[in-house]
Amino acid sequence: MTQHSLGHENRHRGQLLSEWLTLNDVGVLNIPSEKYTFDGPSGVSAVDVTAANEAAFTAYQFRWRRDFTIDVSGLNLKIHDWDYVKSEHHYLYGRKVIYIDFTLTKNITEFDIAFSFDMVKKDNRKMNIIKIDLDGCASLESSHSKMNFVKVIFRELFRVSNIPKKCPIFARDYTIEITNSSMKILDYDLVKIFTHKIYDSRNIYVEVYLNKPLTEFRVNIEFSVITKSNRHVRLSNFNFDGCEALYAVHKTNFLKVMFQEIYRVSNIPRKCPFLKNKLYIINNYTLRDEDYPPFAPAMEWQVNADLFGKKKQLTEIVIAGRIRKLN
C-alpha cells in the first residue's frame, strides 16, 4: 500500500472505533497532549487508546467530559394495527424532548420490539450500526439488557412514563369496583319494593315495584371522593327532572353512560309515567372500565342518588367503591 492509502485506512478504522465507543458509552482515558506514543517517518500520533466503561470511571474517579451533544431532528410515529390502538399523539419539543400518548382498545399480553440504529454518512447513505429483536414482555421485566443502548432507552422510558414493568399492558391502568351499597324506601305509600344485589363487585341488580303511578319526579346525584382521613370531597352534582332525563340526549359523559347502561339491561320506560303494579328490573347494570377515561388515579369514591316526588323524598341510594390500579 502507498502512504496515502495507509493513512486513509487508518482514518477509517479510527472512525469505526470512535463510533463503537460512542454507541457503547465507553470513554477514552487518554488526555490529548503534545507528547505522542508513536513517532515515525510518517508523523506522530496517539496509537494507544485506553478505554474504560462507566464502572471503571466510577471506581477510579476519572474525569471525562463529552465534547458532543445529541439532537433529534425529526419524529415519526405510525400505527399499523388500529384494532389495538384507539388514539395516539406525539410531539417533539425542541431537539431533545419527545412526548407520546396512546390509548389502547385491547390489553396487550405479548409483543416484540425491533430496534434499528443507522448512521447517515456525508453522502446521505445509511450505515446500520445496531439491529436488535427483543421479546417486549421480557424486556419490560428485566431492566435490563447487557447492551447499553437498550438499557438507556428503557431506563428513561420508565422514569418519565406510566408504562408498566411487566405484561400485560392494560387498555386501562385501573379497574372500577363497588365495595358497598345501600338503597332505602322513604315513601312506602308509593314504593312497595325497592331491593338490590351486588355481584362480582361490578354488577348491580335492582327491582322496583310501585303502588301508584309515578308521573313526575326529580333526581339529585352527587359524586364524591373519600380522602385518607375519611373526608368526603364532592367533585360533581347533578340535579334534573327525572321524566325529561328518560328521553333527553345527555351531554355529560357520566349521565350518558349511566342512562345507556340502564336502557341496555332494564325495562325502564323511555318516558313517564312509571306504571303501578308493574315490576321494573335493572338486570345487572355493569360498571365497564372502557366507558370511562383511560387514566385515573387510585381512589375511593361514593355516589349518592336521591329521588324526589311532588312533596317528599321517595328513595335514598348510596353506592361506594374504589378505583384500583392494575399495575
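Residues numbered from 1 in each chain as written. Predicted model: local features only at pLDDT ≥ 70, side-chain atom pairs only at ≥ 80, totals over all residues. Heavy atoms only, no water.

Time to look at the sheet that holds strand E12 (residues 218–226). Strands sit in the order E9-E16-E15-E12-E13 across an open sheet of five strands; the sheet is antiparallel. Edge positions in the sheet fall to strand E9 (174–185) and strand E13 (232–241), since each of these pairs with one other strand and no more. Taken pair by pair, the neighbouring strands of this sheet meet at an average axis angle of 15°, ignoring direction. In this sheet, strand E15 (residues 299–308) lies alongside E12 in antiparallel orientation, the contact comprising nine bridges. By the bridge assignment, valine 219 is partnered in E15 with leucine 307. (Pairing = 2+ DSSP bridges. Helix = DSSP H or I, 4+ residues; strand = E, 2+ residues; numbered from the N terminus. Axes fitted to C-alpha atoms, helices over the stretch in contact; angles between N-to-C directions.)

Once that is clear, we can look at the environment of valine 191. Following the sequence through the fold, valine 191 ends up in strand E10 (residues 191–199). Dropping the residues within four chain positions of it, valine 191 is found in contact with Ile185, Tyr209, Leu210, Asn211 and Thr315. (Contact = heavy atoms within 4.5 Å.)

Position of aspartate 135 relative to the elements: it lies in strand E8 (residues 126–135). In this structure aspartate 135 comes out as partly exposed when scored by relative accessible area, which is 42%. Along the chain, aspartate 135 and alanine 114 lie 21 residues apart, while their C-alpha atoms are 9.0 Å from each other. Residues contacting aspartate 135, with those up to four places away along its chain left out, are Phe111 and Asp112. Within the structure, aspartate 135 has its side chain in polar contact with the backbone nitrogen of alanine 138 (distance 2.9 Å). (Buried < 20%, exposed > 50% of the residue type's maximum accessible area, 1.4 Å probe, protein only. Polar contact = N/O pair within 3.5 Å; in protein donor to acceptor, adjacent residues only side chain to side chain.)

Looking now at the confidence of the model for the chain. Detailed reading of predicted coordinates is not advised where the pLDDT is low. Here the chain shows a mean pLDDT of 84. Residues at 70 or above account for 85%. Counting interchain partners and residues more than four positions distant, the pLDDT-below-50 stretch residues 1–6 has two contacts. (pLDDT = per-residue confidence, 0-100.)

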